[in-house]
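Per-entry structural report
This is what each chain is made of:
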Amino acid sequence: QVQLVESGGGLVQPGGSLRLSCAASRSIDSFYVMAWYHQAPGKERELVARITSGDSTNYADSVKGRFTISRDNAKNTVYLQMSSLKPEDTAVYYCYAYGPRTNPSNYWGQGTQVTVSS
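Cut-offs used in this document
Residues numbered from 1 in each chain as written. Predicted model: local features only at pLDDT ≥ 70, side-chain atom pairs only at ≥ 80, totals over all residues. Heavy atoms only, no water. Disulfide = S-S within 2.5 Å. Helix = DSSP H or I, 4+ residues; strand = E, 2+ residues; numbered from the N terminus. Pairing = 2+ DSSP bridges. Axes fitted to C-alpha atoms, helices over the stretch in contact; angles between N-to-C directions. Core = buried A, V, L, I, M, F, W, Y, C linked by side-chain atoms within 4.5 Å. Buried < 20%, exposed > 50% of the residue type's maximum accessible area, 1.4 Å probe, protein only. Lys, Arg positive; Asp, Glu negative; His and termini not counted. Salt bridge = Lys/Arg side-chain N within 4 Å of Asp/Glu carboxyl O. Polar contact = N/O pair within 3.5 Å; in protein donor to acceptor, adjacent residues only side chain to side chain. Contact = heavy atoms within 4.5 Å.

Working definition of a disulfide: a covalent bond connecting the sulfur atoms of two cysteines. One pass over the structure, following the stated rule, counts one disulfide. Through a disulfide, Cys22 is tied to Cys95; the S-S separation comes to 2.0 Å. Its S-S torsion of approximately -80° makes the covalent link between Cys22 and Cys95 left-handed. With a gap of 73 residues between them, Cys22 in strand E3 (residues 18–24) and Cys95 in strand E9 (residues 91–99) connect regions that are remote in the sequence.

Set out below in structure tokens:
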């Protein structure tokens, strides 16, 4: 098992930046996928960005060119650098992990609120 703890959310003005962190309770280098999802009020949870164990990345069209996902296996942490934030980015952001290779399962963090507003 693994516990995922997100941090770095908060209130930011449009055009601003935030960096979210997802700290895992164990090594993540054997996890197939680490990802960030978001869920706005009244909407379904959606994939924002994902990164594989081979460092391949994918992004939702709405965040391409503005958000960057990265992982630091030495720190057991995944990051989401968010720039040029828009009000429509307002949501709860969740960290997700699928793995480890020996016994893969789905894991979710508790979420962190990001609010983009002037």
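Strand order across the open sheet formed by four strands is E1-E3-E8-E7, with antiparallel pairing between neighbours. The open sheet has two edge strands with one neighbour each: strand E1 (4–7) and strand E7 (67–72). Averaged over all neighbouring strand pairs, the angle between strand axes comes to 15°, with direction disregarded. In this sheet, strand E8 (residues 77–82) lies alongside E7 in antiparallel orientation, the contact comprising six bridges. Within E8, the position partnered with Thr68 by the bridge is Gln81.

Right, let's get into the nonpolar core. Counting residues in each nonpolar core, the largest one holds 30 residues, and the members touching the most others are Leu4, Met34, Trp36, Leu80, Met82 and Tyr93. When residues of this core are traced back to their parent elements, those giving at least two are E3, strand E4 (33–39), strand E5 (46–52), E7, E8, E9 and strand E11 (112–116).

This part covers the side chain of Glu6. Relative to the elements of secondary structure, Glu6 occurs in strand E1. Notably, Glu6 is buried but unbridged: the nearest opposite-charge side chain belongs to Arg45, and the N-O separation is 7.4 Å. At 3.0 Å, the side chain of Glu6 and the backbone nitrogen of Gln110 are in polar contact. Engagement of the side chain of Glu6 in a polar contact is seen with the backbone nitrogen of Gly111, the distance being 2.9 Å. Setting aside residues no more than four positions away along its own chain, Glu6 makes contact with Ser21, Cys22, Trp36, Tyr93, Tyr94, Cys95, Gly109, Gln110, Gly111 and Thr112.

This structure, assessed with the given rule, holds two salt bridges. Close ionic contact of Asp61 with Lys64 constitutes a salt bridge, the shortest N to O distance being 3.1 Å. Here Asp89 makes a salt bridge to Arg66, at a shortest N to O gap of 2.8 Å. Taken as a pair, Asp89 in the loop between E8 and E9 and Arg66 in the loop between strand E6 (57–59) and E7 lie far apart in primary sequence, 23 residues in all.

Another aspect to go through is the pairing of E8. Two faces make up the sheet, and in a regular strand the side chains alternate between them. Among the six residues in E8, five count as buried, and that is most of the element. Two strands pair when backbone bridges link them, and E3 and E8 are joined in this way by six bridges, in the antiparallel orientation. Bridging from a neighbouring strand, Ser21 pairs with Tyr79 of E8. Between the end of E7 and the start of E8, which pair antiparallel, lie four residues, with Asn76 showing a positive phi angle near 55°.

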